[in-house]
Amino acid sequence: MSEAHFRQFDRLTIWRRGDERAPHKPLLALWAIGRCLRGQSRLADYDVVHRALLALLRTFGPPRKVFKPQEPFWRLQKDGIWEVTRADEVPVQPNGSVTPTSLRTFKVRGGLREPLYAALRQDSDAAFAIALRIAEDHFAETLRSAVLQATLGDAEPGLQASWPDRQLPTLVSLRARRVRNPEFRTKVLRSYGHRCAVCNYSFEFPIGQWPALEAAHIRWHSHLGPDIAGNGLSLCALHHELFDWGIFTIRPGSLRIQVAGIVLERLPEGPVTELHERQLRLVPKRDADRPAPGYLDWHRRNVFRDT
């Protein structure tokens, strides 16, 4: 594949309103790459895309009561990787949107552009490299495996031994990458005494290593969350993943744990729900190292599943 193909996925235009997450186009692109890798037809009926994307948005999107899969289905055309059939026949609203009814009425189909689809089919390693890049750019590290499994499904990556020698452009430098501060983990874990702030887990083995203890970004690194202690929590691997899934959040000010209502309803008793309304077990001594209210507010609005 050429660098131009990689650049097309790097240049996805993402809807912006303040600091809200909008993974709609990335999820649609990943779903389309999955169809390609599984050898499914390039174009799919709008209803097929609607059902698949709605399920993905409900699972991996920000907490919302209403999702509009027709928006990325229609607007991804402008990014040069996607096409829809009968686009000139579908009535477009003044704001550039279309309705699901019109897409169904005109029996519109959508999919990757034919040259791109053919290139991805021919080079599965490159297709997986692009998918990994999209997941890295738009989702927290603990969620990426689940996102790729849900979108790529049972497609099998080649990832042959010769892969590093091919110098795939996504693995090098198509654009400047946000580099993580290697000191972030050290500073965050140290400020919490190398313990999980939620359950107090701590285990040093061997000397100087703390397995299953992680520095979690409150505002995700993929969404401009800085590598500073105020945007970090020392969490065990379990509570890090639950935090990134939005199973619980931390209230600013009181620093009490709030478990999502959907969890409390389904599991009235258990090791997760019993965390509800508990104070964090550990809080850094220095104010600058404590979870900053602004980052906790971002997590509540963009990740927490209390809808």
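Caption draft 1: Structural detail: the pattern of salt bridges. Enumeration over the complete set of coordinates arrives at 17 salt bridges. Among the salt bridges present, the one from arginine 104 reaches aspartate 47, with a minimum N-O distance of 2.5 Å. With arginine 104 in helix 5 (residues 100-105) and aspartate 47 in helix 3 (residues 46-60), this residue pair connects regions lying 57 residues apart in the sequence. Of the residues examined, arginine 104 reaches a relative accessible area of 36% and is grouped as partly exposed. Where arginine 286 meets aspartate 289, a salt bridge forms, and the shortest distance between an N and an O atom there is 3.1 Å. In this structure aspartate 289 comes out as buried when scored by relative accessible area, which is 12%. Salt bridges sharing common partners tie together Asp19, Arg219, Asp297, Arg300 and Arg301.

Caption draft 2: Looking closely at empty space enclosed by the protein. Summed over the entire model, instances satisfying the criterion amount to two cavities of 30 Å³ or more. Of the volumes computed, that of the largest cavity is approximately 50 Å³. Lining the largest cavity, in full, are Trp31, Ala32, Arg35, Cys36, Ser41, Arg42, Trp82, Gly110, Gly111, Leu112 and Tyr117. Counting only elements with at least two residues in the lining of the largest cavity, the list comes to helix 2 (24-37) and strand 3 (109-112). Empty space within the second largest cavity amounts to approximately 40 Å³. Surrounding the second largest cavity, Arg21, Thr59, Phe60, Gly61, Leu143, Asp244, Trp245, Val303 and Arg305 form its lining. Elements supplying a minimum of two residues to the lining of the second largest cavity: helix 3 and helix 10 (237-245). Residue classes in the lining of the second largest cavity are distributed as four nonpolar, two polar and three charged.

Caption draft 3: Seen up close, the pairing of strand 4 (residues 213-217). The buried count for strand 4 comes to four of five residues, which makes it a mostly enclosed element. Across five bridges, the pairing between strand 4 and strand 5 (residues 232-236) is antiparallel. Paired with leucine 213 across the two strands is cysteine 236, which belongs to strand 5.

Caption draft 4: Local environment of the layout of surface pockets. What the second largest pocket holds in volume is close to 510 Å³. Together, 17 residues line the second largest pocket, and Trp15, Ala22, His24, Lys68 and Glu71 are the ones closest to its centre. Those elements giving two or more residues to the lining of the second largest pocket turn out to be helix 2 and helix 4 (70-75). Sorting elements by how many residues they give to the lining of the second largest pocket places helix 4 first, with three residues. Class assignment for the residues of the lining of the second largest pocket results in seven nonpolar, two polar and eight charged.

Caption draft 5: The arrangement of unusual backbone geometry in detail. Of note, the bond from phenylalanine 205 into proline 206 is cis; its omega dihedral lies within 30 degrees of zero at -15°. Even without being glycine, asparagine 200 reaches a positive phi, approximately 75°. Inspection of the secondary structure assignment puts asparagine 200 in the loop between helix 9 (183-191) and strand 4. Accessibility expressed as a relative area gives 26% for asparagine 200, which makes it partly exposed.

Caption draft 6: Representation of the packing of helix 2 against helix 6 (residues 114-122). Helix 6 packs onto helix 2 with a crossing angle of 60° between their chain directions and a minimal axis gap of 9 Å. Compared by their axis directions, helix 2 and helix 6 come out oblique. Viewed along their axes, helix 2 and helix 6 form a crossing whose handedness is right-handed. Within the contact between the two elements, helix 2 uses Ile33, Cys36 and Leu37 and helix 6 uses Tyr117, Leu120 and Arg121. Across the contact of helix 2 with helix 6, the residue classes break down as five nonpolar, no polar and one charged.

Caption draft 7: Inspection of the pairing of strand 5 at higher detail. The buried fraction of strand 5 amounts to five of the five residues, a majority that puts the element mostly inside the structure. Burial along strand 5 is two-sided: the face carrying Gly232, Ser234 and Cys236 and the face carrying Leu233 and Leu235 are both buried.

Caption draft 8: Region of interest: the nonpolar core. Membership of the largest hydrophobic core comes to 50 residues, with the highest contact counts inside it found for Phe9, Ile33 and Leu120. Only helix 1 (3-10), helix 2, helix 3, helix 4, strand 2 (82-84), helix 6, helix 7 (124-138) and helix 8 (144-152) provide two or more residues apiece to this core. Of all the elements, helix 2 adds the most residues to this core, at nine residues. Ranked by size, the runner-up nonpolar core spans 29 residues in total, among them Phe184, Leu189, Leu233 and Val259.

Conventions and cut-offs
- Residues numbered from 1 in each chain as written.
- Predicted model: local features only at pLDDT ≥ 70, side-chain atom pairs only at ≥ 80, totals over all residues.
- Heavy atoms only, no water.
- Salt bridge = Lys/Arg side-chain N within 4 Å of Asp/Glu carboxyl O.
- Helix = DSSP H or I, 4+ residues; strand = E, 2+ residues; numbered from the N terminus.
- Buried < 20%, exposed > 50% of the residue type's maximum accessible area, 1.4 Å probe, protein only.
- 1 Å grid on protein atoms, 1.4 Å probe; cavity = no way out; pocket = protein on both sides within 12 Å on 5 of 7 lines; lining within 4 Å.
- Points joined across faces, edges and corners; volume = space filled by probe spheres on them.
- Nonpolar A, V, L, I, M, F, W, Y, C, P; charged D, E, K, R; others polar.
- Pairing = 2+ DSSP bridges.
- Axes fitted to C-alpha atoms, helices over the stretch in contact; angles between N-to-C directions.
- Parallel < 35°, antiparallel > 145°, perpendicular 65-115°, else oblique.
- Left-handed = near helix turned anticlockwise from the far one by under 90°.
- Contact = heavy atoms within 4.5 Å.
- Core = buried A, V, L, I, M, F, W, Y, C linked by side-chain atoms within 4.5 Å.

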